[in-house]
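Observations on the model geometry
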Amino acid sequence: MSKRVEVDITIPNQTKYLGMIGRIGESMAYSLKSYNGNRRELAYHINLVLTEALANVINHANKCDPDKEVKISISTSDQDLTIKVFDQGEGFDIDALSKFNADASDEGGRGIQIIYKLMDQVKYIHDDGDNILVMTKILQ
Amino acid sequence: MQLNISEQDDIVNICVEEERMDAHNSGDLKEQMLQLFDDGKCNLTIDLSKVRFIDSSGLGALVSGFKNASARDGSLKLCCLQPQVQSMFELTRLHRVFEIFTNQEEALGSF
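In this report, we go over the structure that sits alongside the text. These figures come from a predicted structure and were not determined experimentally. (Residues numbered from 1 in each chain as written. Chains lettered and ligands numbered in written order. Predicted model: local features only at pLDDT ≥ 70, side-chain atom pairs only at ≥ 80, totals over all residues. Heavy atoms only, no water.)

Residue and element names in this part refer to chain B. Read across the sheet, 5 strands follow the order β1-β2-β4-β6-β7 without closing on themselves; strand pairing throughout is mixed. Of all the strands in the sheet, the pair left with one neighbour each is β1 (3-8) and β7 (99-101). Across the sheet, the axes of successive neighbouring strands diverge by a mean angle of 25°, strand direction being ignored. Strand direction decides the pairing type here: β1 and strand β2 (residues 11-16), joined by 6 bridges, are antiparallel. From the neighbouring strand, Leu 3 faces β2, where its bridge partner is Val 16. (Pairing = 2+ DSSP bridges. Helix = DSSP H or I, 4+ residues; strand = E, 2+ residues; numbered from the N terminus. Axes fitted to C-alpha atoms, helices over the stretch in contact; angles between N-to-C directions.)

All names here are of chain B. Helix length check: helix α1 (residues 26-38) (13 residues) gives 19 Å between terminal C-alpha atoms against 18 Å at 1.5 Å per residue, within 8%. Among the residues of α1, Ser 26, Leu 29, Met 33, Leu 36 and Phe 37 are the ones counted as buried. Buried residues of α1, seen end-on, are gathered within an arc of 100° and therefore sit on one face of the element. Relative to its buried face, α1 has exposed residues pointing more than 90 degrees away, namely Glu 31 and Asp 38. In this structure, the buried side of α1 is in contact with β1, β2, β3 (20-21), β4 (43-47), α2 (56-71) and β6 (75-79). (Expected span 1.5 Å × (residues − 1). Buried < 20%, exposed > 50% of the residue type's maximum accessible area, 1.4 Å probe, protein only. Arc of directions from axis to C-beta. Contact = heavy atoms within 4.5 Å.)

To continue, consider the side chain of Asn47(A). Along the chain, Asn47(A) falls in helix α2 (residues 39-61). Separated by 3.2 Å, the side chains of Asn47(A) and Glu26(A) make a polar contact. (Polar contact = N/O pair within 3.5 Å; in protein donor to acceptor, adjacent residues only side chain to side chain.)

On the chain B side, the residues contacting the 23 residues of chain A number 21 residues. Ranking the residues of chain A by area buried against chain B places Tyr44(A), Glu107(A) and Arg110(A) at the top, with a combined share of 35%. On inspection of chain A and its partner chain B, the count reaches 3 salt bridges. For the salt bridge of Glu107(A) with Lys30(B), the shortest nitrogen-to-oxygen distance reads 3.0 Å. (Buried area = accessible area lost by both parts, 1.4 Å probe. Salt bridge = Lys/Arg side-chain N within 4 Å of Asp/Glu carboxyl O.)

What follows covers the packing of aromatic side chains. Residue and element names in this part refer to chain B. Inspection of the entire model under this criterion finds 3 aromatic pairs over all chains. Ring centres of Phe 89 and Phe 98 lie 5.7 Å apart, and the angle between their planes is 90°; this geometry places the pair in the edge-to-face category. Each member of the pair Phe 89 and Phe 98 is classed as buried. Looking at Lys 77, its charged tip hangs above the ring of Phe 111, at a distance of 4.5 Å from the centre. (Phe/Tyr/Trp six-rings, centres within 6.5 Å; stacked < 30°, edge-to-face > 60°. Lys NZ or Arg CZ within 6 Å of the ring centre and 35° of its normal.)

All names here are of chain A. Across all of its chains, the model carries 9 salt bridges over all chains by this definition. Arg 4 is the salt-bridge partner of Asp 80, the closest N and O atoms lying 2.7 Å from each other. Note that Asp 80 is positioned in strand β3 (residues 80-87) and Arg 4 in the segment before β1 (5-12), a separation of 76 residues in sequence. For Asp 80, a relative accessible area of 12% translates into the label buried.

All right, on to the packing of α2(A) against helix α4 (residues 111-118) of chain A then. Between two packed helices, what matters for the description is the angle formed by their axes and the separation of those axes. All names here are of chain A. Viewed as axis vectors pointing N to C, α2 and α4 meet at an angle of 145°, and their least axial separation amounts to 9 Å. The crossing of α2 and α4 is left-handed. Of the residues in α4, those touching α2 at His 45, Leu 48, Val 49, Glu 52, Ala 53 and Asn 56 are Gly 111, Ile 112, Ile 114, Ile 115 and Leu 118. Across the contact of α2 with α4, the residue classes break down as 7 nonpolar, 3 polar and 1 charged. (Left-handed = near helix turned anticlockwise from the far one by under 90°. Nonpolar A, V, L, I, M, F, W, Y, C, P; charged D, E, K, R; others polar.)

Residue and element names in this part refer to chain A. Taken in spatial order, the 5 strands of this open sheet run β1-β2-β3-β5-β4, and their pairing is antiparallel. Edge strands, defined here as strands with exactly one partner in the open sheet, are β1 and β4 (121-127). Each adjacent strand pair in this sheet contributes to an overall mean axis angle of 15°, direction not counted. Here β4 runs beside strand β5 (residues 130-138); their pairing, made up of 7 bridges, is antiparallel. Along β5, the bridge assignment pairs Lys 123 with Val 134. Contacts from α2 reach β1, β2 (69-76), β3 and β5 within the one sheet, and its direction differs from that of β3 by about 15°.

Residues and elements named next belong to chain B. Of all 5 residues making up β4, 5 are buried, and the element is well covered by its neighbours. Both faces of β4 are covered, namely the face carrying Asn 43, Thr 45 and Asp 47 and the face carrying Leu 44 and Ile 46. The pairing of β4 with β6 spans 5 bridges and is classified as parallel. Paired with Thr 45 across the two strands is Lys 77, which belongs to β6.

Note that every value here comes from positions in space, so none of it alone points to a role or purpose.
In structure tokens, the structure reads:
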């Protein structure tokens, strides 16, 4: 059994870092040599989920405040790939966002739904002053 | 966001010269399209051949352009989608909303 690999990153609360974090997530997905599925597709989905989660935290939970920070943890094992995104804001109502059904003419509201469609487990928890969006992809 | 804009007859083609369309840069495309609409140019093709990655904000910018073009009796059509970008339209069911063409000639010929 392989050991769990964990990468912890802290970025300023700014969208210009979305691409950088997405690429790190892609690299970690590509490194999962024991994954039997389509690794290219998995890497794209992890990039996308990271981008959606971070954009949501930067723009909504942290209200675009450039002085705040966002902490991200990405960990992998043979069994799962788990992403945690920490915010220091007022949080958001993930249940309401997950139930919102964007119709064709809506410009927004698809981000959290995309996360739910692509990940196997999604939780938003509160721990010691932090809000943490936890998203897990089961690999085996 | 780097955009290459050209005109043929009354159709404006916008080629997105970026690998990513996300929450950081999609607002630029939205603003550029609003400027074109203000100038009375309401028939657009968006060439996504260079775009490898699109998120919900990128899709939202295209929906904005589509709605504004339609409201002005024009239309917005898409062409040259890479497979992973095409899959995002399918995931969000927006492939049922947009006219999507394999290449720019087909898109231009459809007006």
